[in-house]
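# Understanding the architecture of this molecule
If you want the building blocks of each chain, they are given just below.
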Amino acid sequence: HFNTTIEIKFIELDEKNVNVRFIIQEKLACSVNKFSLNTKNKKLKKIILKRLNKFLNEPFTDSLLGKINKNINSYLREKRYIIAKFKEVEAIYNEDKTLASLKYEILDPIKYEISISGNQHLTTKSILKTLDFDNFDQSTFDPAAKMSQILRKRYLALGFPNIKIKIKVEPKTKKFYQK
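Keep in mind it's a predicted model, so treat the numbers as computed, not measured. (Residues numbered from 1 in each chain as written. Predicted model: local features only at pLDDT ≥ 70, side-chain atom pairs only at ≥ 80, totals over all residues. Heavy atoms only, no water.)

Another aspect to go through is the packing of aromatic side chains. According to the stated counting rule, one finds five aromatic pairs in the structure shown. Where Phe60 meets Tyr93, the ring centres are 6.0 Å apart and the plane angle is 50°; that geometry is what we call tilted. With a gap of 33 residues between them, Phe60 in the loop between helix 1 (42–52) and helix 2 (62–78) and Tyr93 in strand 4 (residues 85–93) connect regions that are remote in the sequence. Where Phe133 meets Phe136, the ring centres are 5.9 Å apart and the plane angle is 45°; that geometry is what we call tilted. Given the relative accessible area of 4%, Phe133 is considered buried. Classification of Phe136 as buried rests on a relative accessible area of 6%. Ring pairing ties together the aromatic residues Phe35, Phe86 and Tyr104, which thus form one cluster. Its end group placed over the ring of Tyr93, Lys97 keeps NZ or CZ at 5.8 Å from the ring centre. (Phe/Tyr/Trp six-rings, centres within 6.5 Å; stacked < 30°, edge-to-face > 60°. Helix = DSSP H or I, 4+ residues; strand = E, 2+ residues; numbered from the N terminus. Buried < 20%, exposed > 50% of the residue type's maximum accessible area, 1.4 Å probe, protein only. Lys NZ or Arg CZ within 6 Å of the ring centre and 35° of its normal.)

And the structure:
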């Protein structure tokens, strides 16, 4: 409620007591009426806008922004856009601040395919869990090297001092896709 006003009146009843009166004038709440998204990955843009549309007409609150961020970032990690950054750029309001149009962007919208082979002591599922894509460092410039470092640390902790981890990053065969 951007336009809500709150007036506080203090009324002295006697030397030890004060009556505090709140006079609240609520105006219309602000809700989200539009989303826009800037990203170079057009396929991802279409998917994310569809996901954002379920939040249309919701009250524009900090809680809503948290839900949006959680929803989109969870999707990006689940689909292996491990270094993609989803950011709110701007909120634009109508004149009486009852409607908000939210602008977002996705930086580094590259989808990574992860292939694991040669593992005997840890299952592929365990290795993927170790990589913890939900909390992966999005600021890394070399995700493959970062993954290698995480796995080396895990194997060393399990008592494998001579572990050899080879990373093979294949040339991009499609735009916004890395294997």
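Considering all chains together, one arrives at three salt bridges under this definition. Residues Glu7 and Lys9 are paired through a salt bridge, measuring 3.9 Å at the closest nitrogen-oxygen approach. A residue is classified by how much of its surface remains accessible, and Glu7, at 42% relative accessible area, is partly exposed. Look at Lys9 and you get partly exposed, because its relative accessible area is 38%. Here Asp108 ties to Lys85 by a salt bridge, and the two come within 2.6 Å at their closest N and O atoms. In this pair, Asp108 sits in the loop between strand 5 (99–107) and strand 6 (111–112) while Lys85 sits in strand 4, placing the two residues 23 residues apart along the sequence. (Salt bridge = Lys/Arg side-chain N within 4 Å of Asp/Glu carboxyl O.)

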